[in-house]
Amino acid sequence: MTTQSGPPPGGYDPRADRELRRVPEHFPGVSHHEPIGLRRRLALNRMGTFDWDLGRGFMDLDSGALEVFDLRPDEYDGAPMSLVSRVPPEEGIRLDAALTQALEAGSSSYGAYFRVRCRDGTPRWAHSQGRILHDEDGLPYRIIGIVREASGELADSALLRTLQQERQRQTVMVQQVTVALSRALSVADVTRVLTGIGGARRFGADGLLLGLASGGRFEVIAMAGIEGEVPEEMRRSDLDDTLPLSEAAVSRRPAFLSSRGELLARYPRLRPYGEVLPTGSSSFLPLVAQDTVIGALGLFNTEPAVQSTEARNLALALAGVVAQSLQRATLFDQEREFATGLQATMLPRRVPDICGGEVTVRYHPASVGRDIGGDWYDVIALPQGRTGLVVGDVQGHDTHAAAVMGQLRIALRAYAAEGHSPETVLVRASRFLAELETERFATCTYVQADLESGALYVARAGHLGPLICDSARHIDWPEVRGGLPLGLASAFGHDHFPETQLFLEPGSTLLLCTDGLVEQPGRDISAGIDALSAAFRAGPGELEALADQLAAHLWAEPGSEDDMALLLLHRLAGAEGTTTPRLRLHVHQADPSGAAEVRSALRRTLDQWRAGEVTHDVEVAASELIANALTHTESGALVSVELLPETPRRIRLEVEDRSSSWPRRRSPGETATSGRGLLLVEALADRWGAEPRGSGKALWCEFVVPEVPETMARVR
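These numbers come from a predicted model, not from an experiment. (Residues numbered from 1 in each chain as written. Predicted model: local features only at pLDDT ≥ 70, side-chain atom pairs only at ≥ 80, totals over all residues. Heavy atoms only, no water.)

1. A word on the overall build of the protein chain
Logical step 1: Scanning the protein chain from N- to C-terminus turns up 18 helices and 27 strands.
Logical step 2: Expressed as a percentage of the 716 residues in the protein chain, the buried residues total 45%.
Logical step 3: Contacts in the protein chain between residues at least 24 apart in sequence constitute 61% of all its contacts with a sequence separation of at least 6.
Logical step 4: Approximately 36,700 Å² of the protein chain is accessible, and the part contributed by carbon and sulfur atoms is 52%. (Helix = DSSP H or I, 4+ residues; strand = E, 2+ residues; numbered from the N terminus. Buried < 20%, exposed > 50% of the residue type's maximum accessible area, 1.4 Å probe, protein only. Contact = heavy atoms within 4.5 Å. Areas by Shrake-Rupley, 256 points an atom, 1.4 Å probe, with all protein chains shown as cover.)

Structure below.
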């Protein structure tokens, strides 16, 4: 094989300076020396001409055109319709549509691809290109053109389109896998992506197996698209070369097998379980990230096939994405295990027994996300048989928040155990947190419960208030005054946390929780509070079952991104002691808002006692007696309200002051601006009177509480 020394003078020779392959020429009638005519030139390129006289309806085809249509001269009579033996009807319609469009548009040419059915039945692509001639009136009268075979041309184009589609499909697969795994934080998240809907199809496979390698052992942790269960001895095995996934992890080399038969021949250990495996091709890919073998991924197809180089490279790329995700997920699981373990050690290990009641708690770290939170709970045994109940939340979701939570819980527990009032406990806890200089704040609700009397003394620092459900399933979120969050309150000089006294009837249950139970992203917290109320009302009566149901339906099911602490206190039905339910409040002489606060506390308490229509009368009487004490004495007023356990039930209101001057009824005129207080009390109360009390006196009045039908109580 030699080349000519150079092109002819003034010309270009494509053979120059090239190594040419010698090929024998098989085209008949072509001279090696004589010039080649036009028709032969066209025939050499599998091309012919046609001349279509539209007026006569005659189409002349030369020999090259007849060859394109695979016709002998005696098989064509010049009528275009005689071509239907080679041109299928649908292709004829396509040609006619292209020509009609050109004629209607006044174009001078047209072209179209169409299929030809050869003599032996095989298909052939052809292309027709025509020049439309017009007469002096502008009407078409003749079409002259060429027709050529285009099978090779379209085959190359189809191959190009196929390659482009395949590249696009591969790009989409990589994007889908990457996006799906980008949201997977834990190993469990990764396995959910691989085994969920469309998991195997993202890898272009019908089934998959995923396994992890650790400590010389290999364990299959995920399976999808494979019928039956992986046998135990196949699920956990030594890290060796007797199984395909294990060998891929040991050798760090992929294996691509075309069929199940080839798989069983290479790994005889799988033969007893051959029916479980898909019948087609398979790939076994090592999962390596940062030069560390994490495990192996197996992909299975139902159809046998020899995988192309592109398919193998795609599988290896996807395996790399899975390996990176698994490495990240493994580190996340390790960090999370450490953090949650640290947090668990800072929460109470056991809940003390409570005389006259029972308590249960639940804590769950966030179900999604990397960080842990600072939620906590505590149950503290207090002097005089009382119990301290705490639920709180430190700002942030990290190990720092958990560490601050542990310190704050211990400090608050110590202050409470000393017997301080709820307000004092929160004031000291706030100052303690501010002195830690952590730049974190905390919300908290602290309840001091006396189950013998049912009295609850509540203080709140920027946290949710308590929920109370009585034995008739009446739900109440009492209004509880509060202060700023712990830490912030001291920093701003407003470390004041006013106490609110509530009453827990026998058979009633108190709930304290953090916002993780009632708050979901994109939803108003009031909707979560309503959902909690409904779930509490419809929940089981047994305390443990109720706690499980609330946590499951309101926190675990929606998959909260926040952690959650829940505390339930139930006062036993037979726990009512000799002390009657009572509310005691003090109104200072110089406090103009004191009377309004007393009225608000009275409304909450009387609603708990289901006082019904007498609530307004008690509130008006209290306002008048307080006003008398503040106006006509130089001291404040001590307000006491009791629910007397008699039949019928009665509410007793007392307002005590330090003046020995006895009250005096007056008869005010029509224009008088005062003097009607005792008249109102006498008109509203069933009984009223005055009693000496040490250095002062007490004005009292009693109101009979109407009985509420049981059905009405349940509706409330």
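2. Concerning the pairing of strand β12 (residues 357-364)
Logical step 1: Counted residue by residue, β12 has 6 buried out of 8 residues, so it is predominantly covered.
Logical step 2: Summarising the sheet, β12 and strand β22 (residues 564-571) pair through 8 bridges and their orientation is antiparallel. Bridge pairing in β22 places E358 opposite H570. (Pairing = 2+ DSSP bridges.)

3. Overview of the nonpolar core
Logical step 1: By size, the foremost hydrophobic cluster in this structure holds 49 residues, and its most contacted members are L389, L426, L456, L486, L510 and L569.
Logical step 2: If one sorts the elements of this core by residue count, helix α10 (residues 399-417) sits on top with 8 residues.
Logical step 3: Sequence-distant contacts of L389, defined by excluding residues within four places in its chain, comprise D378, V379, T445, Y446, V447, A449, L510, L512, L567 and L569.
Logical step 4: Of all hydrophobic cores here, the second largest spans 32 residues; its members include V587, W609, L625 and V681. (Core = buried A, V, L, I, M, F, W, Y, C linked by side-chain atoms within 4.5 Å.)

4. Some details on unusual backbone geometry
Logical step 1: With a phi angle near 65°, R252 is a residue other than glycine that sits in the positive phi range.
Logical step 2: With respect to the helices and strands, the residue R252 is situated in the loop between α7 (244-251) and β9 (255-257).
Logical step 3: Among the residues examined, R252 registers a relative accessible area of 38% and is labelled partly exposed.
Logical step 4: Phi at E439 is positive, roughly 60°, even though this residue is not glycine.
Logical step 5: Of note, E439 is situated in the loop between α11 (422-435) and β15 (442-450).

5. What to know about the packing of α10 against α11
Logical step 1: Running from amino to carboxyl end, α10 crosses α11 at an angle of 145°, the nearest separation of the two axes being 9 Å. When you trace α10 past α11, the crossing you get is right-handed. Facing V404, Q407, L408, A411, L412, Y415 and A416 of α10, the residues of α11 in contact are V425, L426, R428, A429, F432 and L433.
Logical step 2: By residue class, the composition of the contact of α10 with α11 is 11 nonpolar, 1 polar and 1 charged. (Axes fitted to C-alpha atoms, helices over the stretch in contact; angles between N-to-C directions. Left-handed = near helix turned anticlockwise from the far one by under 90°. Nonpolar A, V, L, I, M, F, W, Y, C, P; charged D, E, K, R; others polar.)

6. Describing the sheet that holds strand β11 (residues 292-300)
Logical step 1: Taken in spatial order, the 6 strands make up an open sheet running β8-β7-β6-β11-β10-β9, and their pairing is antiparallel. Only two strands of the sheet have a single partner each, and these edge strands are β8 (236-238) and β9. Strand-to-strand twist in this sheet, taken as the mean axis angle between neighbours without regard to direction, amounts to 20°.
Logical step 2: Two elements, strand β6 (residues 207-214) and strand β7 (residues 217-224), share 7 bridges in a ladder whose sense is antiparallel. Directly across from G211, in β7, lies its bridge partner V220.
Logical step 3: Sitting on the sheet, helix α5 (residues 187-195) touches β6 and β7, and the angle it makes with β7 is about 45°.
Logical step 4: In this fold α7 packs onto β6, β7, β8, β10 (282-289) and β11, with an angle of close to 145° to the strand it touches most, β11.

7. Here we look at the packing of helix α15 (residues 594-608) against helix α16 (residues 615-632)
Logical step 1: Taken N-terminus to C-terminus, the directions of α15 and α16 make an angle of 155°; their axes are 10 Å apart at the nearest point. In terms of their interaxial angle, α15 and α16 are classed as roughly antiparallel. At the point where α15 passes α16, the crossing takes the right-handed sense. Across the interface between the two elements, A595, V598, R599, L602, R603 and L606 from α15 touch T615, V618, E619, A622, S623 and I626 from α16.
Logical step 2: A class-by-class count of the residues in the contact of α15 with α16 yields 7 nonpolar, 2 polar and 3 charged. (Parallel < 35°, antiparallel > 145°, perpendicular 65-115°, else oblique.)

8. Some points on the packing of aromatic side chains
Logical step 1: Evaluation of the coordinates by the stated rule reveals 3 aromatic pairs.
Logical step 2: Here F69 and F114 contribute two aromatic rings whose centre-to-centre distance is 6.0 Å and whose plane-to-plane angle is 25°, an arrangement assigned as stacked. One end of the pair, F69, is in the loop between α2 (63-68) and α3 (89-105); the other, F114, is in strand β3 (residues 109-117), and 45 residues separate them in sequence.
Logical step 3: For F69, a relative accessible area of 6% gives the class buried. (Phe/Tyr/Trp six-rings, centres within 6.5 Å; stacked < 30°, edge-to-face > 60°.)

9. Observations regarding the confidence of the model for the protein chain
Logical step 1: With 84% of its residues at a pLDDT of 70 or more, the protein chain has an overall mean of 82.
Logical step 2: Scored below 50 in pLDDT, residues 1-5 shows 11 contacts in the model against residues more than four places distant or in partner chains.
Logical step 3: Low confidence marks residues 711-716, where pLDDT is under 50. Its contacts with residues over four positions away, or in another chain, come to 9 contacts. (pLDDT = per-residue confidence, 0-100.)

10. Observations concerning the side chain of S128
Logical step 1: The topology assignment puts S128 in strand β4 (residues 123-134).
Logical step 2: Take S128: its relative accessible area is 8%, and that puts it in the buried class.
Logical step 3: Leaving out residues up to four positions away in the same chain, S128 has contacts with F50, Y110, G111, A112, F114, I146 and V147.

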